[in-house]
Amino acid sequence: MFRIPVVLLAALPAATAAIIPRPVSESKTAGTLVLPKHLPVALPDETGRLNARILAEAGFFPTRPVDPAKSAILFVKSPPAPESSPEAYQLDITPQRIVIKAATPAGQFYGLQSFAQLAAATKAKPDGTKEIPCVSITDSPRFAWRGFMLDEARHFTGEEGVKRILDAMARYKLNRFHWHLTDSPGWRIEIKKYPKLTEIGSRGSETDRRPGAPREFYTQEQIKGIVAYAKARAITVIPEIDMPGHADAAVRAYPEHDGGGYQKPDDPNKWPHFTFHPAKPETLAFLDDVLTEVGALFPDAGVIHFGGDEVHFGWGKWPELPDVRALMAAENLNDLAGVETWFVRRMAAKIRGLGFKAGGWDEIANRGLPPGETIVWWWRHDKPDVLRQALASGYPVVLTPRRPCYLDFVQHESHQQGRRWDGFNSLEDCHRFPIDLKLSTSEERNVLGIQGSLWTEAAASQQRRDFLTWPRLIALAEAAWTPENRKDFTSFQERLKPELIWLKNHGITPFDPFTNSPEITDKLTTGDDPDKPGPSR
Ligand code: TNX
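So, here's what we can say about the structure. Worth saying up front: this structure is predicted, and the values here are computed from it rather than measured. (Residues numbered from 1 in each chain as written. Predicted model: local features only at pLDDT ≥ 70, side-chain atom pairs only at ≥ 80, totals over all residues. Heavy atoms only, no water.)

### A look at the packing of aromatic side chains
The following threshold applies: Stacked, edge-to-face and tilted labels apply to pairs of Phe, Tyr and Trp rings (six-membered ring for Trp) whose centres lie within 6.5 Å, assigned for plane angles under 30 degrees, over 60, and everything in between, in that order. A run of H or I in DSSP counts as a helix once it spans at least four residues, and a run of E counts as a strand once it spans at least two, with each numbered from the N terminus. Each residue is assigned to one of three classes by its accessible area relative to the maximum for its type, calculated with a 1.4 Å probe on protein chains only: buried under 20%, partly exposed between the two thresholds, exposed over 50%. Either the NZ atom of lysine or the CZ atom of arginine qualifies as a charge over a ring when it sits within 6 Å of the ring centre and within 35 degrees of the ring normal.
Here the structure, examined in full by the defined rule, presents 23 aromatic pairs. Relative to Trp502, the ring of Tyr172 lies with its centre 6.3 Å away and its plane at 80°, an arrangement referred to as edge-to-face. Remark: Trp502 occurs in helix α17 (residues 489-505) and Tyr172 occurs in the loop between α4 (159-171) and β7 (176-180); sequence separation between them is 330 residues. The buried category is assigned to Tyr172, whose relative accessible area is 0%. Trp502 gets classed as buried once you look at its relative accessible area, which sits at 11%. The residue whose ring lies beneath Lys130 is Phe60, and the NZ or CZ to ring-centre distance is 5.7 Å. If you follow Arg233 out to its NZ or CZ, it ends over the ring of Tyr229, 3.5 Å from the centre.

See below:
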């Protein structure tokens, strides 16, 4: 049995270490390991300081040993096993030392994170030493993609908040940060060739439409810093530049690229310039230039997400545009869906030409894009056939259906602000996902993984964004990592309790499902939701 705080002891089943996400296998081995507070440890150089901080949080002051062979933690680079994930690790706590075996820096990092969580749960003795029961943990993720999407366009988070998120993601072995950087209210990424995108397009938010609102965006230097910060934590940052819809902010800066939009009867500001012009050569060249700069900023992303969602809401003006008419005639396109397909193929080809896979929301799944070079994000939970068809066509799919993966949905029946759609997204729903999809073995092979997505129309403050994200993102992290036969919601809840404190110590105040802490709401006009049938909320 592990030594963990007495409050938790009673409820935990045997051989459940205080680790989230729950490892694939753990077995108790003989003896205990006694560790001094001043832990002699030779840490891998690249991430030495970060790893030292992680150990410090677990109650140790790491010191460099004179003889590296005497290190309390031994990092062993094992050869990658053919069938195993590159993120796999083995953590052995023996009476002599801790041994972390992994084929990659990510695996090493996860082994250390698991050890740190486990050690943090072991109380120090009065002399500062910790006595840790020996254990052998073998672990690897169920899914390669364990993600979080942040919508920066509706309300801006900024560098400090993003780094806080990345720290917490790393703790729960989440490895993809999908950065929704552009949308109708704001453009958040500096593009050197088109400075007005940030001079004009970055002003304002969902709830602040003043043309003179402050600019909120990331400079290219900040982006490089955040990408490196993420990389040190085994997280890949995936940029999203949404097109041809959700383009109002860019079009505000460069009206010559306007493809028209739609007018909401109750709000004339929403969103009359929703689309980029889908057929004008200058607009296509402009988008090519934007994607080229984006590609250079995210060299390791592997995929550039180019949106592709909800286009038909805003294409009403397309038939009036001479370039669209000319394109339809030249390419034999019968309708606007054909124009959309043409545009999607055109931009996906550009992205592939830059050396990336092209990623998009599930509307791109039936446009004949090459499965080996395309990634589909399934989001329309009410269209399971779209998921099935995408998987059957061979597309790798990221699962982020509104139910239960959208974090702008409410998480407790008592909550008043946020979305509902045939119910809401409870902590348990997040943890349970994706079993109810009944994925076949062959379907699951094409599922890249799971992602929690935070849309921020109804989240103007950092406090509210944190409240919506946590702790549900931890439940999704366990859903994405832990195999079905090791998932247990009761055990999860017990292991979650100390994490609420960890989050608070890191400047994040989560919803507390155990006390049903008061809902954190923002004063705002509620967000745009053109896709939802019937009354909006
Ligand atoms: C749909 S998800 C959208 C977003 C909204 C979200 C609100 C997707 C691809 N499009 O633009 O923010 O719903 O929940």
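### Observations concerning the nonpolar core
Here is the rule we go by: Put simply, a nonpolar core is a bunch of buried Ala, Val, Leu, Ile, Met, Phe, Trp, Tyr and Cys residues held in one set by side-chain atoms that sit within 4.5 Å of each other. Contact definition: two residues touch when any of their heavy atoms are within 4.5 Å.
Counting 142 residues, the largest nonpolar core has Phe115, Phe177, Trp179, Trp187, Ile189, Leu197 and Phe298 as its most contacted members. The element that contributes the greatest number of residues to this core is helix α16 (residues 472-481), accounting for 8 residues. Other than its neighbours up to four places away in sequence, Phe115 contacts Leu35, Leu55, Phe60, Ile73, Leu91, Ile93, Ile98 and Ile132. Formed by 11 residues, the second largest nonpolar core is a distinct cluster that contains Ala279, Val311, Trp318 and Leu321.

### Quick notes on the pairing of strand β8 (residues 236-243)
Quick note on the threshold: Strand pairing is assigned whenever DSSP identifies at least 2 bridges connecting the two strands.
Most of β8 is tucked away, with 7 of its 8 residues classed as buried. In the sheet, β8 pairs with strand β9 (residues 303-307) via 2 bridges, with the strands oriented parallel. By the bridge assignment for β9, Glu240 is matched with His305.

### Some details on helix α2 (residues 48-57)
Quick reminder of the rule: This arc is taken over the directions from the axis of the helix to the C-beta atoms.
Three or more residues of α2 are buried, namely Gly48, Leu50, Asn51, Ile54 and Leu55. All buried residues of α2 project into a common sector of 165° when viewed along the axis, lining one side. Buried residues along α2 sit against β2 (73-77), α3 (105-120) and α6 (220-232). Just downstream of α2, Gly59 is the residue with a positive phi angle, here 100°.

### Some points on the sheet that holds strand β1 (residues 25-35)
Condition: Throughout, an axis means a line fitted to C-alpha atoms (over the contacting stretch in the case of helices), and angles, computed between N-to-C directions, take values from 0 to 180 degrees.
In spatial order, the strands read β1-β5-β3-β4-β2; together these 5 strands make up an open sheet with mixed pairing. Two strands in the sheet have a free side with no partner beyond their single neighbour: β1 and β2. Shown here is a sheet whose adjacent strand axes are inclined to one another by a mean of 20°, direction ignored. As paired elements, β2 and strand β4 (residues 98-102) share 5 bridges and run parallel to each other. Paired with Leu74 across the strands is Val99, a residue of β4. On the sheet, α3 packs against β1, β2, β3 (89-93), β4 and β5 (130-139) and is oriented at approximately 40° with respect to β3.

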